[in-house]
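As a plain string of letters, each chain reads:
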Amino acid sequence: KCAAGTFQSSRGQQECKVCALGGYCTKGASSPVPCEAGRFGNRTGLKTLHECSYCEPGSSCALGAAAMTPCSPGSIAPVARYAAVLARALPASSLARCEPCEPGQFQDVEGQVVCKPCSRGGYCVAGAASASPCPAGTYGGAEHATGVADCTACKSGMSCPVGSTEETPCSA
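None of the values given here were measured: they were computed from a predicted structure. (Residues numbered from 1 in each chain as written. Predicted model: local features only at pLDDT ≥ 70, side-chain atom pairs only at ≥ 80, totals over all residues. Heavy atoms only, no water.)

This brings us to the overall build of the protein. The secondary structure content of the protein amounts to 1 helix and 18 strands. In terms of overall dimensions, the protein has a C-alpha envelope of 90 × 30 × 20 Å along the principal axes. For the protein, the residues scored as buried account for 35% of the 172 residues in total. Here the protein has roughly 9,500 Å² of accessible surface; of this, 55% comes from carbon and sulfur atoms. (Helix = DSSP H or I, 4+ residues; strand = E, 2+ residues; numbered from the N terminus. Buried < 20%, exposed > 50% of the residue type's maximum accessible area, 1.4 Å probe, protein only. Areas by Shrake-Rupley, 256 points an atom, 1.4 Å probe, with all protein chains shown as cover.)

Attention now moves to the nonpolar core. Counting 8 residues, the largest nonpolar core is built from F40, Y54, C55, C61, A65, V85, A92 and L95. Non-local contacts of A65, meaning those with residues more than four positions away in its chain, are made with G22, R39, F40 and G41. (Core = buried A, V, L, I, M, F, W, Y, C linked by side-chain atoms within 4.5 Å. Contact = heavy atoms within 4.5 Å.)

What follows concerns the state of the cysteines. The tally for this structure, following the rule as stated, stands at 9 disulfides. What pairs with C55 in a disulfide is C61, and their sulfur atoms sit 2.3 Å apart. Taking the torsion about the sulfur-sulfur bond, which here is approximately 80 degrees, the covalent link between C55 and C61 counts as right-handed. Covalently, C134 is tied to C151 through a disulfide, its sulfur atoms 2.1 Å apart. Sign of the S-S torsion, about -80 degrees for the bond between C134 and C151, identifies this disulfide as left-handed. Of the two residues, C134 sits in the loop between β14 (132-133) and β15 (138-139) while C151 sits in the loop between β15 and β16 (152-153), which places them 17 residues apart along the sequence. For the pair C134 and C151, one class covers both residues: buried. Its sulfur unpaired, C170 is 7.3 Å from the next cysteine sulfur, which belongs to C154. For C170, a relative accessible area of 45% corresponds to the partly exposed category. (Disulfide = S-S within 2.5 Å.)

Okay, helix α1 (residues 79-86) next. Turning to α1, its buried residues number three or more, namely R81, A84 and V85. Projected onto a plane normal to the axis of α1, the buried residues spread over an arc of 100 degrees and lie on a single side. Among the residues trailing α1, R88 stands out with phi positive, at a value near 65 degrees. (Arc of directions from axis to C-beta.)

Taken as a whole and assessed by the stated rule, the structure comprises 4 salt bridges. A salt bridge links E99 to R81, with the shortest nitrogen-to-oxygen separation between them at 3.4 Å. With E99 in strand β10 (residues 99-100) and R81 in helix α1, this residue pair connects regions lying 18 residues apart in the sequence. What makes R81 buried here is its relative accessible area of 11%. For D108, the salt bridge goes to K116, with nearest N and O atoms at 2.6 Å. Residue D108 is classed as partly exposed on the basis of its relative accessible area of 41%. Relative accessible area serves as the criterion here: at 33%, K116 is assigned to the partly exposed category. (Salt bridge = Lys/Arg side-chain N within 4 Å of Asp/Glu carboxyl O.)

What follows is about the packing of aromatic side chains. Summed over the entire model, instances satisfying the criterion amount to 0 aromatic pairs. Looking at R39, its charged tip hangs above the ring of Y54, at a distance of 4.1 Å from the centre. (Phe/Tyr/Trp six-rings, centres within 6.5 Å; stacked < 30°, edge-to-face > 60°. Lys NZ or Arg CZ within 6 Å of the ring centre and 35° of its normal.)

This is the structure we're talking about:
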């Protein structure tokens, strides 16, 4: 029988193989067990599920992950969710995926834990990696705009180039 941290995939073999990255091997294992979704195994020879590390804020970990994957722009993995998993209020699988930014927010950098408010002059749909500018002929005077419908039409005699935050009088 193989010791914990190793496995033997075929009967009659004399040698045990070291458990690979992304999984663990209990005593007598015939194959590695993948680290559960929300955890990762970045060392070989892990012996139990509890040796698989929890995925940290700003990243996600799929089933059998050998490393954390940073959240892509437009998504986040909040600290509060990580804390809830550590407190056993949420299952580890809650850390398997990044969450898209809410409408009216964006995130332009990977591996983040919070989204940024959409800036004036533009709008942000769910999962936005950047603000989209209000089109020419409209302006966006409020933060957290969620769509082009939140851009206000420019009044007659006023100018509103792309991404305007306010109307400007036309020059005579």
